[in-house]
Amino acid sequence: MIAEAGLAALWLAASLALLQLALAAIGLAGGKSELLGAVRPVAVAQGVLTALAFALLIALFLRSDMSVLLVAANSHSMKPWLYKFAGTWGNHEGSMLLWVTVMGVAGAAVALFERALRRETHMATLGGQAAISLGFYAFLLFASNPFARIDPPAADGQGLNPLLQDPGLAFHPPTLYLGYVGLSVAFSFAVGALLTRQVDAAFARAMRPWVLGAWILLTLGITAGSYWAYYELGWGGWWFWDPVENASLMPWLAATALLHSVTVLATRDALRAWTVMLAVVAFSMSMVGTFLVRSGILTSVHAFAVDPERGTFILALLGIYIGGALALFGWRVGAVREGAPFELVSRETMLVVNNLLLSVILGLVLIGTLYPLLTEAFGHKVSVGAPYFDRIAGPIALALMIVMVLGPLTRWRRDRMREVARRVAVPAVVAGLVFLALAALAWGRIGILPFLGLVIALAVAVGSVAPLWRRNLRRTPLFTWGMVIAHLGCAVSLAGMACDSAFTVEKLVAARPGDTVETAGWTLRFKQILPMAGDNWTALQADMEASRDGGEPVLIHPQSRFFASPPTTTTEAALLTRWNGQLYVVLGQEADEGRWQLRIWWKPFVTLIWLGGFLIALGGALALVGRERRGWLLKWRARRALEAAA
Amino acid sequence: MRKMLIWLPLALFLGFFGLFASGLLRPDDRIISSKLVGKPLPAFALPAAASDRPPLASSQLATGKPRLLNIFASWCVPCAAEAPQLLALKQAGVEIDAIAIRDARPDVDAFLQRYGNPYSRIGLDARSEVQIAMGSSGVPESFIIDGKGRIAYQHVGDIREDDVPMILDRLRKAQ
């Protein structure tokens with residue numbers, strides 16, 4: 001019964017989405033504004049129904065109902081409950097249902113809480129949101145029904161991809177998803193504003209919390225994904241430029257640009273057309289990413305749903321929504337007047353430069369990701385690897401970091417070059433001193449990019465806290481703190497990346513139990529190899545003692561795990577975190593009689609990469625809370641003033 | 001000029017769209033075929049994988065008569081689906097040997113008990129080393145070995161009912 005109830009809820013929600021679109025369209029285009037009153041309750045009901053459908057799917061997974069095809073194919077009765085739960089979205093159908101659920105709930109939230117938008121734009125936005133949802137409902141109901149039954153029921157399930165059986169990865173995809181879908185709301189706002197020709201500061205203020213929220217979640221999702229790949233795949237790297245990783249990075253780059261341009265629009269009523277364009281691009285990148293991951297047209301180490309038929313469906317959605325929005329943009333944007341003017345030396349200009357640099361990186365990543373597809377169309381097979389991306393995106397990212405110092409230290413609308421130069425003097429002097437110190441110590445011993453990365457990271461660290469200089473810290477608004485912390489996070493991450501690529505020490509040995517291996521100041525004593533058993537895996541585990549510079553030895557246990565269903569071997573690296581870096585040990589195959597391959601890395605300050613990512617997201621969260629609280633306070637004061645006057 | 005720029009994003013998008021569509025329409029060529037077809041089998045000697053069948057070595061496969069070498073595992077679902085076709089081939093007089101991948105003897109015994117045993121010899125490849133050396137990338141896979149011990153044909157995936165005549169035909173040609 002649960003599966004049938006879920007399917008019914010899904011059908012009902014889909015019909016409500018159709019009704020929502022029709023009400024908004026007829027109400028706005030036909031001038032029947034009495035219909036518009038029904039749009040909001042319908043949107044709320046739709047959100048509730050999708051949430052119900054998703055909750056029922058979770059229930060099916062938790063109960064291991066093997067008469068449901070999706071559960072039988074992706075779960076196993078022997079699995080720990082957390083992974084049964086995560087199995088709900090660790091597959092194609094479930095994650096698509098999560099997608100419409102988040103869209104439905106977000107639509108309900110827009111219907112209930114949005115106050116800043118004008119009524120027509122609000123209704124057009126809800127209509128747009130319903131139109132996007134409809135495509136995904138159709139996809140679920142006609143091409144990948146998550147509630148389909150099988151007869152006879154399976155005895156036991158197939159299990160979840162063992163790579164996904166990790167707490168980090170159980171919650172990483174939903175985080176990214178929430179981010180993607182948040183961008184769909186921004187997209188709906190942009191479409192709504194284009195339809196009603198009301199692209200202005202009020203529109204930007206309404207859109208900003210959604211962009212900020214989506215961006216925070218994307219940041220967290222990418223950071224968590226990077227750390228997961230680092231410790232689970234066992235190759236010691238934290239970013240592979242894999243198509244699936246790029247699929248999450250591209251929307252983030254677009255959202256970062258959008259976040260900054262929407263602030264310009266909200267504060268200064270400038271960059272109107274550009275902001276709308278970026279909102280369309282950001283959601284397009286989410287869809288392109290989804291398409292690349294699901295269709296299997298690019299080969300990836302993460303490939304998990306290779307299915308051209310579903311790819312065709314997503315491609316059709318991509319064509320309708322993105323093509324439609326861009327056509328609407330071309331048709332309507334002429335009617336959007338350019339906003340307020342600004343001078344060449346101004347914060348607006350800095351933000352435009354920031355936007356351009358981000359767009360260039362986005363374009364280069366997109367080209368690199370799609371290049372193999374392009375050459376294959378002409379009959380050659382090539383792959384574009386990390387060297388291309390590092391060499392091409394690295395220098396631009398460093399330039400972007402410099403703009404990041406200049407921007408917050410420049411005034412809105414008009415500033416003087418000399419004043420700006422005076423304000424950036426301290427970071428510039430720091431950069432110079434670091435440059436000289438590093439050059440004296442390490443010139444020629446580390447690569448040019450890591451070298452510049454370290455110099456710029458330290459300058460940015462100083463520059464990003466500079467806006468707090470000589471301010472009353474208690475009275476500094478929360479969103480200023482947010483910006484400072486997010487920018488500081490970028491510096492911290494950059495420092496981590498530069499240290500990792502400049503100073504990592506790697507050693508590969510074949511050792512017998514009883515041997516001692518020395519590398520980078522660490523002494524590893526390889527004690528023994530033992531078999532282990534877990535809930536649904538068996539493993540070979542090495543017992544080792546690691547000690548640094550004669551200090552107290554610590555036990556570490558790198559493992560090589562074997563899952564029976566489906567049969568897969570995974571690497572569980574042993575990580576030893578110290579304040580100044582991480583020791584990373586991987587147990588490889590048995591090399592020959594009694595000797596085991598060991599890969600050992602000492603990675604100085606590598607943890608800064610993810611600490612920085614976390615700081616960036618934290619800064620975003622502070623800015624979001626700060627902006628929202630200020631909005632509420634202003635409204636509250638206005639209401640109090642009205643009451644006092646009455 | 002500005003008018004043109006406004007339509008540029010749409011034009012770019014249409015380009016990408018066409019690229020994606022062509023990528024999807026292109027036939028899939030992800031089947032990994034062995035580089036060893038037409039070449040001699042790599043040398044190996046494997047221990048026995050089942051209680052009532054002898055072990056398998058590459059030297060035993062050059063007997064002057066073409067044979068089928070099936071790569072399977074007791075944990076592999078398509079291998080169970082393939083079992084009836086292998087029994088039919090055995091009935092037709094084909095000699096079939098097997099390599100069990102990453103398996104354990106009790107599991108192999110149970111598998112053969114349940115799905116039938118068409119094999120003359122079964123070798124155990126506990127760490128997929130022979131499998132990799134032969135250029136096989138998954139289970140099940142089948143190789144036709146001609147009388148001189150060379151790989152004449154590689155069949156990736158399970159042998160279905162309609163594949164049986166084709167396999168018999170290829171065995172005859174490998175004579």
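Residues numbered from 1 in each chain as written. Chains lettered and ligands numbered in written order. Predicted model: local features only at pLDDT ≥ 70, side-chain atom pairs only at ≥ 80, totals over all residues. Heavy atoms only, no water.

Looking up chain B in an unreviewed UniProt entry gives the name Alkyl hydroperoxide reductase, with the organism given as Sphingobium indicum F2. Turning to chain B, the UniProt annotation filed under Subcellular location (unreviewed entry) states: "Cell envelope". (UniProt positions renumbered as here; feature names shortened; annotations may be inferred.)

Looking at an unreviewed UniProt entry, one finds chain A named Heme lyase CcmF/NrfE family subunit, with Sphingobium indicum as its source organism. Recorded in UniProt for chain A, the comment headed Sequence similarities (unreviewed entry) runs: "Belongs to the CcmF/CycK/Ccl1/NrfE/CcsA family." Looking at chain A in UniProt, the text filed under Subcellular location (unreviewed entry) is "Cell inner membrane".

Caption draft 1: Structural context of the domain arrangement of chain A. Residue and element names in this part refer to chain A. By domain assignment, chain A separates into domain 1 (1-164), domain 2 (196-396), domain 3 (397-500 + 613-642) and domain 4 (503-604). Computed over C-alpha atoms, the centres of domain 2 and domain 4 are 38 Å apart. Domain 2 puts eight residues into the contact, and the matching count from domain 4 is 10 residues. Overall, the association of domain 2 and domain 4 removes approximately 720 Å² of surface from exposure, summing both partners, and the carbon and sulfur fraction of that is 42%. (Domains from an automatic or database assignment. Contact = heavy atoms within 4.5 Å. Buried area = accessible area lost by both parts, 1.4 Å probe.)

Caption draft 2: Local environment of the nonpolar core. Residues Phe189(A), Phe203(A), Met207(A), Ile322(A) and Phe20(B) are the most contacted members of the largest nonpolar core, which totals 166 residues. Counting residues per element, this core draws most heavily on helix H8 (residues 201-232) of chain A, at 16 residues. With residues up to four places along the chain from it excluded, the contact list for Met207(A) reads Ala186(A), Phe189(A), Leu258(A), Val262(A), Thr275(A) and Ala279(A). If you look at the next biggest cluster of nonpolar residues, it comprises 27 residues, including Ala80(B), Leu86(B), Leu89(B) and Val164(B). (Core = buried A, V, L, I, M, F, W, Y, C linked by side-chain atoms within 4.5 Å. Buried < 20%, exposed > 50% of the residue type's maximum accessible area, 1.4 Å probe, protein only. Helix = DSSP H or I, 4+ residues; strand = E, 2+ residues; numbered from the N terminus.)

Caption draft 3: Representation of the sheet that holds strand E10 (residues 595-604) of chain A within the structure. All names here are of chain A. The four strands lie next to each other as E1-E10-E9-E8, forming an open sheet whose pairing is antiparallel. Each edge of the open sheet is held by one strand with a lone partner, namely strand E1 (505-511) and strand E8 (574-578). Strand-to-strand twist in this sheet, taken as the mean axis angle between neighbours without regard to direction, amounts to 15 degrees. Both E1 and E10 contribute to a ladder of seven bridges, which runs antiparallel. Bridge pairing in E10 links Leu 508 to Arg 599. Lying on the sheet, helix H17 (residues 478-503) is in contact with E1 and E10; it crosses E10 at an angle near 135 degrees. (Pairing = 2+ DSSP bridges. Axes fitted to C-alpha atoms, helices over the stretch in contact; angles between N-to-C directions.)

Caption draft 4: Just the sheet that holds strand E4 (residues 96-101) of chain B, in detail. Residues and elements named next belong to chain B. On the basis of which strands lie adjacent, the open sheet formed by five strands has the order E5-E4-E3-E6-E7 and mixed pairing. With partners counted over all chains shown, the strands left at the sheet margins are strand E5 (119-125) and strand E7 (151-156), one partner each. For this sheet, the mean inter-axis angle between neighbouring strands, taken without regard to orientation, is 20 degrees. As paired elements, strand E3 (residues 67-72) and strand E6 (residues 141-145) share five bridges and run antiparallel to each other. The partner of Ile 71 across the bridge, within E6, is Glu 141. With respect to the sheet, helix H5 (residues 164-173) is in contact with E3, E6 and E7, its orientation differing from that of E7 by roughly 165 degrees.

Caption draft 5: Broad picture of a positive patch on the surface. Residue and element names in this part refer to chain A. Where like charges cluster on the molecular surface, the positive patch consists of Arg 40, Arg 115, Arg 119, Lys 635 and Arg 639. Positionally, Arg 115 belongs in the loop between helix H5 (92-113) and helix H6 (119-143). Residue classification places Arg 115 among the exposed positions, given a relative accessible area of 55%. (Patch = residues over 30% accessible without salt bridge, like charges linked within 9 Å, V, L, I, M, F, W, Y side chains within 5 Å. Areas by Shrake-Rupley, 256 points an atom, 1.4 Å probe, with all protein chains shown as cover. Salt bridge = Lys/Arg side-chain N within 4 Å of Asp/Glu carboxyl O. Lys, Arg positive; Asp, Glu negative; His and termini not counted. Charge placed at Lys NZ, Arg CZ, Asp CG, Glu CD.)

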